[in-house]
Amino acid sequence: MVLANLSESYRYECLHPLFHEVFEYVKQHDLLLMPPGRIVLRPDVLFINNDRPLGVPEEKQVLEVHRNFIDIHFLLEGKERVGWKSTPDCRDKVVPYDAARDCMFYGDKPDGYFNYKPGQFIIFWPEDAHAAIIGEGTIKKCIAKVRL
């Protein structure tokens, strides 16, 4: 997992050949003004979900894991708390793996929580189980999905 400021994204672009494209898109477009929905940059390989979810109480949020995609979360507006746990340490599977959604869910408690703010991003690899959108009210964010 990586938590950093968008202004320092160049430090992480070497971690995947498509990271530069994602970061440049996010920097060059005002995603707050764009309607919610999927932005396809490269079909089946690189897309961004522009979302406006309602925050979930910490005790009700579960950990999610992906196998084939890396997530890059960008908070656009609001406050969000995120839980993290190493995927190999997760034991309480509550929803089995769904290949079409590239997602499974665990009921384990995160090992730690942190807050992040607009102007920052978080990179989650498959080994990073994460419980996002913890908060109150509407959270404006986008999640880039980058195929491994």
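Criteria and cut-off values
- The residue count restarts for each chain, going from 1 along the sequence in the order it is written.
- Confidence filtering applies because this is a predicted model: local features only for residues at pLDDT of at least 70, side-chain atom pairs given and counted only at 80 or more, and all residues used for totals across whole chains, interfaces and linings.
- Computation of side-chain values covers all heavy atoms of the structure but excludes hydrogens and water.
- For Phe, Tyr and Trp, rings pair up if their centres lie within 6.5 Å, where Trp contributes its six-membered ring, and each pair is then called stacked (planes under 30 degrees apart), edge-to-face (over 60) or tilted (otherwise).
- Definition used: whenever NZ (Lys) or CZ (Arg) falls within 6 Å of the ring centre and also within 35 degrees of the ring normal, the charge is taken to sit over that ring.
- Each residue is assigned to one of three classes by its accessible area relative to the maximum for its type, calculated with a 1.4 Å probe on protein chains only: buried under 20%, partly exposed between the two thresholds, exposed over 50%.
- Secondary structure counts use DSSP, requiring at least four H or I residues in a row for a helix and at least two E residues in a row for a strand, with both numbered from the N terminus.
- The arc refers to the directions leading from the helix axis to the C-beta atoms.
- Contact criterion: two residues are considered in contact whenever any of their non-hydrogen atoms come within 4.5 Å of each other.
- When DSSP finds two or more bridges between a pair of strands, those strands are recorded as paired.
- Lines are fitted to the C-alpha atoms to define the axes, a helix being fitted only along its stretch in contact, and any angle between axes, read from their N-to-C directions, falls within 0 to 180 degrees.

The name given to the chain in an unreviewed UniProt entry is YhcH/YjgK/YiaL family protein, with Porphyromonas macacae as the source organism.

1. A word on the packing of aromatic side chains
Following the criterion strictly, the structure yields seven aromatic pairs and no others. Taken together, Tyr-12, Phe-19, Phe-23, Phe-74, Phe-121 and Trp-125 form an aromatic cluster joined through their ring pairs. Just above the ring of Phe-47 sits the side chain of Arg-38; from NZ or CZ to the centre is 3.9 Å. A cation over an aromatic ring shows up here: Arg-67 above the ring of Tyr-97, its NZ or CZ 3.8 Å from the ring centre.

2. Some details on helix H1 (residues 19–28)
Listed in full, the buried residues belonging to H1 are Phe-19, Val-22, Phe-23, Tyr-25 and Val-26. One face of H1 carries all of its buried residues, which in axial projection span an arc of 160 degrees. Considering only its buried residues, H1 is in contact with strand S2 (37–42), strand S3 (46–51), strand S5 (69–77), strand S10 (120–124) and strand S12 (140–147).

3. What about the sheet that holds S12?
Strand order across the open sheet formed by six strands is S1-S10-S5-S12-S3-S2, with antiparallel pairing between neighbours. The open sheet has two edge strands, strand S1 (2–5) and S2, and neither has a second partner. The mean inter-strand angle of the sheet, taken between neighbouring strand axes irrespective of direction, is 20 degrees. Sitting on the sheet, H1 touches S2, S3, S5, S10 and S12, and the angle it makes with S5 is about 15 degrees.

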